[in-house]
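Descriptive structure summary
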Amino acid sequence: MTDTTPWRRLNPRMLLVHPVRELIKYLPILLLAVVAGSVGGEPWWTYVLSGLGVVIGLLRWFTTSYRITPTHVQVRRGFINRRMLSVPRERVRSVDVDATLLHRLVGLAVVKVGTSASHGQDGLDFDGIAAGDIPALRAELLRKAELTEEDGPGEAGGEQEAAGGMAGAQASGRDFSGWRWSWARYAPFTLTGVASLFFAAFFALELQFFDGGLLLRLQFVRDSIDTVSHIPLLEGIVGGAVILVVAASVIALVRYVLAYSGFAIWRSDATTLHVRHGLLRTRQVTLDERRLRGVSLNEPLSLRAVHGASAHAIMTGLGRERGGLMVIEPAGPQGDALRVATAVLGDETPLTCTLEQHGVRAHRRRYTRAATGVGLIAAIALVLQLLGYVSPLVWVTFAAIVPVAALLAEDRWRGLGHARMPGLLIARSGSLSRKRVVLETSGIIGFTVRRSIFQRRAGLATLIATTAAGRHRYSIPDVPIEEAWRIVDDVMVHEPVQAAVAQH
Amino acid sequence: MTTAEPAGRISRIIHDPVGRPSTRAVAFWTWNAIVGWFVFLCLQLVWMLIANAWTAPLHLAGLALTVVVAIVHVSIMPRWRYRVHRWEITEDAVFVRSGWLTQETRVAPIARLQTVDSRRGFLHRIYGLTTVTITTASSAGALSIHALDDAVARDVVATLSAVAQQSKGDAT
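The structure displayed is predicted, hence computed values, not measured ones. All chains use their own residue numbering, which begins from 1 and follows the written sequence. As they are written, the chains are lettered A onward and the ligands numbered 1 onward, keeping that order. A pLDDT threshold of at least 70 governs which residues receive local features in this predicted model, and a stricter bar of 80 or more applies before side-chain atom pairs are shown or counted, although totals over entire chains, interfaces and linings include all residues.

Let's talk about the overall build of chain B
Short version of the rule: Numbering of helices and strands runs from the N terminus; a helix is a DSSP stretch of H or I covering at least four residues, while a strand is a stretch of E covering at least two. Three classes are used. A residue is buried when 20 or more other C-beta atoms lie within 10 Å of its own, exposed when 12 or fewer do, and partly exposed in between, with C-beta atoms placed from the backbone. Once C-beta atoms are placed from the backbone, any two residues with those atoms within 7 Å are in contact.
For chain B, the count of helices and strands is 5 helices and 6 strands. For chain B, the succession of helices and strands along the chain, N to C, is α-α-α-β-β-β-β-α-β-β-α. Expressed as a percentage of its 172 residues, the buried residues of chain B come to 28%. Considering only intrachain contacts with a sequence separation of at least 6, the fraction spanning at least 24 residues in chain B is 57%.

Structure representation (structure tokens):
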């Protein structure tokens, strides 16, 4: 390569960040050493170790350089094992600016470049770019003229027009997320919020039911149990539940505020989308909308109960860390999630249209599956009872488990459905974590039709669309088999033909 | 792609694909399963040895269960698989059907192929078999054509690699 573009270094202020970061990494060892040192013996090796860490951190700055040539983005790294990462510029799909608190203190950020093959290779990261240089670097990385690759038939025209129309309607560059601080009230109802509640409940149960549970080994836990055991049982349970809910809510709230404070989404031109969020550690992602392959609208049961929802964009080239999913609206009012998803997709119909249900057999299967689950729990309960771990009173809980399972089955059935629109495949499923996924058929690069022995008997199949975007696989459970073949036929054979005809 | 195909073309291929695995596949799958169960049985015996539980009823029951399940699996699975496994490569797509209890049909347009690789394990070589795996840009979209005759597999790889080189656009 006869390129003469000069190599550039990262910002020298990284020389401040690296040592601190290394020291934080070694903090537990250092603390341990200090404690041990007070007992006896000079823990000199820990100082050597952390000193070495600092030196390596500093070396990293001296050995890293990068350049952007007219054709490639290149990063050189390493002291002993020198490595050069070189990516053709037309492969650059997104730019993610990640500023941790430490970086922000010295006015820097990490610029992460998402490429079209980012599930295969490690990231193209520029760790340590001054905030002031970022807009120029970002523009350089994403320069549109370089994006010449034609991929996916029938994609260029319609989508861009739709996007252009949207940009006209939304004054260009204006934030359309509508995020407000008050949305933090949805945090406890998100899946992570509910999960942390269950996590806390699990610990509480372990403490309750098993002698010698993990927590019982801690002295202060035992002490507090002694005090608790004086409280009458019912009060204890109610009090415990309240404490659990409050604790889990606070955790979810803190998480939400840290991650999504100041959420903003805007377009700078017809095909460039920007998303910014975060309180202490801020993220700003710039996306090429031509890499958009769909949108998912997430309505987990808990969030639906308070009329909330969130939305993701399904994209390629977002980098491994984000798994191809970009939050375009965090948990908030349903209407706002729908509005933002519509604005990104350019059309509301696929997000609100009624879906084709999967028939009686699929309905029955939701119940048989729920019954199987209950049966499994019953078997475990039976074994536990026979082995003497739980009292026969455990069967009382089935008075709650059975109706809950039935209600969940019914709710899952109500959510289940799919629809076809020109160029789009729409599917919705799930109850506890219900999702409506709108996928562009041009982004679908294959189908898997999976049929268990029970599904074959019922004439059903799980249809899985594979794509390079988002989660890489999107499945529609329990589709009638004839319908599954029809969709495969439609998308794989007819749409490409139509697109080819349209091009000529 | 000049002529639009009649509807249900995929269904035709789904119900009547041409390619079958090699006739030696049944023997291959049988021995593959036997080896697997043998390893499992050995682990169970080692556990009994360590626990010194040669007469413990639970351990013996577990051992008996393993033997019964293994015999059923080894005698049913290979033939069932042979009945299910099919593949076909047309000018615009690749189809693979596999499995036995749970069956999968995978379809990928030829234009989206990325890599083609063939794998021959120790047991594969004994029977002269090759498994060809085709990947697309989706990590969930790999297609494997199991237990092909070596000669057939070479043809398949040659055909597909030629196509994969021509293909433009992998939908990333």
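After that view, the rundown keeps rolling.
Some remarks on the pairing of strand β9 (residues 272-277) of chain A
Every regular strand shows the same layout, with side chains that alternate between the two sheet faces. Residue and element names in this part refer to chain A. Let me state the cut-off plainly: Two strands form a pair only when DSSP identifies at least two bridges running between them.
Going residue by residue along β9, you find Leu273, Val275 and His277 tucked away on one face and Thr272, His274 and Arg276 left uncovered on the opposite face. Where strand β8 (residues 264-269) meets β9, 5 bridges bridge the pair, whose relative direction is antiparallel. Within β9, the position partnered with Trp266 by the bridge is His274. Taken together, β8 and the strand that follows it, β9, pair antiparallel across an intervening segment of 2 residues. Sheet analysis places β9 next to strand β10 (residues 282-288), joined by 6 bridges and oriented antiparallel. Bridge assignment links Arg276 to a residue of β10, and that residue is Gln284. Hairpin remark: β9 followed by β10, antiparallel, with 4 residues in the connecting loop; positive phi at Gly278, about 120°.

Here's the deal with the domain arrangement of chain A
Accessible area lost during the coming together of the parts is what is often quoted as the interface size. Short version of the rule: Either an automatic procedure or a domain database provided the assignment from which the domain bounds are taken.
Domain parsing of chain A yields domain 1 (8-143), domain 2 (182-260), domain 3 (264-357 + 416-503) and domain 4 (359-409). Once you take the C-alpha centre of each, domain 1 of chain A and domain 4 of chain A turn out to be 51 Å apart.

Side note on the sheet that holds β8 of chain A
Residue and element names in this part refer to chain A. This is how the line gets drawn: Axis lines are fitted to C-alpha atoms, over the contacting stretch for helices. Their N-to-C directions set the angle, which ranges from 0 to 180 degrees.
One open sheet holds the 6 strands; their spatial order is β7-β6-β5-β10-β9-β8, and the pairing between them is antiparallel. The open sheet has two edge strands, β7 (124-130) and β8, and neither has a second partner. The sheet shows a mean angle of 20° between the axes of neighbouring strands, taken without regard to direction. Relative to strand β6 (residues 108-115), strand β5 (residues 92-99) runs antiparallel, the two sharing 6 bridges. Across the sheet, residue Asp96 finds its bridge partner in β6, namely Lys112.

A few points about the sheet that holds strand β2 (residues 93-99) of chain B
With antiparallel pairing, the 6 strands of this open sheet are ordered in space as β19(A)-β18(A)-β17(A)-β3(B)-β2(B)-β1(B). The sheet is open, and its two edges are formed by β19 (473-480) of chain A together with β1 (86-89) of chain B, each paired on a single side. Pairs of neighbouring strands in the sheet enclose a mean axial angle of 15°, with direction left out of account. Of the strand pairs in this sheet, β2 of chain B and strand β3 (residues 103-109) of chain B are connected by 7 bridges, and their pairing is antiparallel. In the strand pairing of β3 of chain B, Val96 of chain B is matched with Arg106 of chain B.

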